[in-house]
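Residue-level structural notes
Listed here are the chains, written in short residue letters.
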Amino acid sequence: MKLPTLYTERLIIRPLSVLDADDMFEYAKTPYVGPMAGWPPHISIVETISIIKTMITIKSPYELGNWAIVLKSNNKMIGTIELYNHYYKFKAELGYSINPAYWSNGYATEAAKEVISYGFEFLDLKRIEAGTFVDNYQSQKVCEKIGFVKEGVARNGYVRYDGKIFDKLIYGMTIDEYKEKYK
């Protein structure tokens, strides 16, 4: 399945490309993004290129692919967003990361709302969920701003790249909640 390009007031949400490597490495090398999302900081641009190639070429039937979040104003890629663990016409999980230089501007919220609409309107999903570490307060704020409901804590629900086990907050939205909040 080919991902479409989506547009919001300030963003272009388009399929990720190896041409995004420099912009991705800019934030993926920091200790503020990857570890809070479950992956290690990138150590080189070569690693980032390799990861992007994997993200855009190796897909299981449950992976839809990754979008780049791009500012319309200057064509800068500032993050990624995806729907993964996709079960046809049933559910998917939402994941996103944003360059810390662009935090607190509402970009993750804006991109997530558009991707959620795509999931419910075009993929015919019945549920979209997101998981976040219990101390990832910024991601929790995004989940709340997009209208997800905090459903509970999966105790010892995530093992990070370094083997450390974390509790994971689970957020979700059903098709009925989407219709109520977005229509």
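The structure displayed is predicted, hence computed values, not measured ones.

1. Section: the pattern of salt bridges
- Within this structure, the stated rule accounts for ten salt bridges.
- A salt bridge links Glu26 to Lys76; its shortest N-O distance comes to 3.0 Å. Highlighted residues: Glu26 in helix α1 (residues 21-28) and Lys76 in the loop between β3 (66-71) and β4 (77-87), separated in sequence by 50 residues.
- Measuring nitrogen to oxygen at the nearest pair gives 3.2 Å for the salt bridge that ties Asp124 to Lys126.
- Overall, the relative accessible area of 32% leaves Asp124 in the partly exposed class.

2. Remarks on the packing of α1 against helix α3 (residues 45-57)
- It is the contact of α1 with α3, at a shortest axis distance of 9 Å, that shows an interaxial angle of 110°. Considering the angle they form, α1 stands roughly perpendicular to α3. As α1 packs across α3, the resulting crossing turns out to be right-handed. Residue-level inspection shows Ala21, Asp22, Met24 and Phe25 of α1 in contact with α3, the latter providing Ile45, Thr48, Ile49, Ile52 and Met55.
- Across the contact of α1 with α3, the residue classes tally to seven nonpolar, one polar and one charged.

3. Side note on the pairing of strand β7 (residues 149-159)
- Sheet analysis places β7 next to strand β8 (residues 165-174), joined by seven bridges and oriented antiparallel. Bridge assignment links Ala154 to a residue of β8, and that residue is Lys168.
- Where β7 hands over to β8, the hairpin turn is made up of five residues, of which Gly163 adopts a positive phi near 90°.

4. Focus: the sheet that holds β4
- In spatial order, the strands read β1-β2-β3-β4-β5-β6-β8-β7; together these eight strands make up an open sheet with mixed pairing. The sheet is open, and its two borders are formed by β1 (6-7) and β7, each paired with just one other strand.
- With two bridges connecting them, β1 and strand β2 (residues 11-15) associate as antiparallel partners. Of the residues in β2, the one forming a bridge with Leu6 is Ile13.
- Here α1 sits on the sheet and contacts β4 and β5 (91-98); the angle it forms with β4, its principal contact strand, is near 90°.

5. Re the packing of aromatic side chains
- Scanning the model with the defined rule gives seven aromatic pairs in all.
- Aromatic pair Tyr178 and Tyr182: ring centres 5.0 Å apart, planes at 25°, arrangement stacked. Here Tyr178 pairs with Tyr182, and both are found in helix α6 (residues 175-182), just four residues apart, close to one helical turn.
- What links up through ring pairs into an aromatic cluster is the set Trp67, Tyr118 and Phe122.

6. A few points about unusual backbone geometry
- At Asn75, a residue that is not glycine, the phi angle is positive and equals roughly 60°.
- Along the chain, the position of Asn75 falls in the loop between β3 and β4.
- Classification of Asn75 as exposed rests on a relative accessible area of 54%.
- Although it is not a glycine, Lys89 sits at a positive phi angle of roughly 55°.
- Here Lys89 lies in the loop between β4 and β5.
- Of the residues examined, Lys89 reaches a relative accessible area of 39% and is grouped as partly exposed.

What counts, and at which threshold
Residues numbered from 1 in each chain as written. Predicted model: local features only at pLDDT ≥ 70, side-chain atom pairs only at ≥ 80, totals over all residues. Heavy atoms only, no water. Salt bridge = Lys/Arg side-chain N within 4 Å of Asp/Glu carboxyl O. Helix = DSSP H or I, 4+ residues; strand = E, 2+ residues; numbered from the N terminus. Buried < 20%, exposed > 50% of the residue type's maximum accessible area, 1.4 Å probe, protein only. Axes fitted to C-alpha atoms, helices over the stretch in contact; angles between N-to-C directions. Parallel < 35°, antiparallel > 145°, perpendicular 65-115°, else oblique. Left-handed = near helix turned anticlockwise from the far one by under 90°. Contact = heavy atoms within 4.5 Å. Nonpolar A, V, L, I, M, F, W, Y, C, P; charged D, E, K, R; others polar. Pairing = 2+ DSSP bridges. Phe/Tyr/Trp six-rings, centres within 6.5 Å; stacked < 30°, edge-to-face > 60°.

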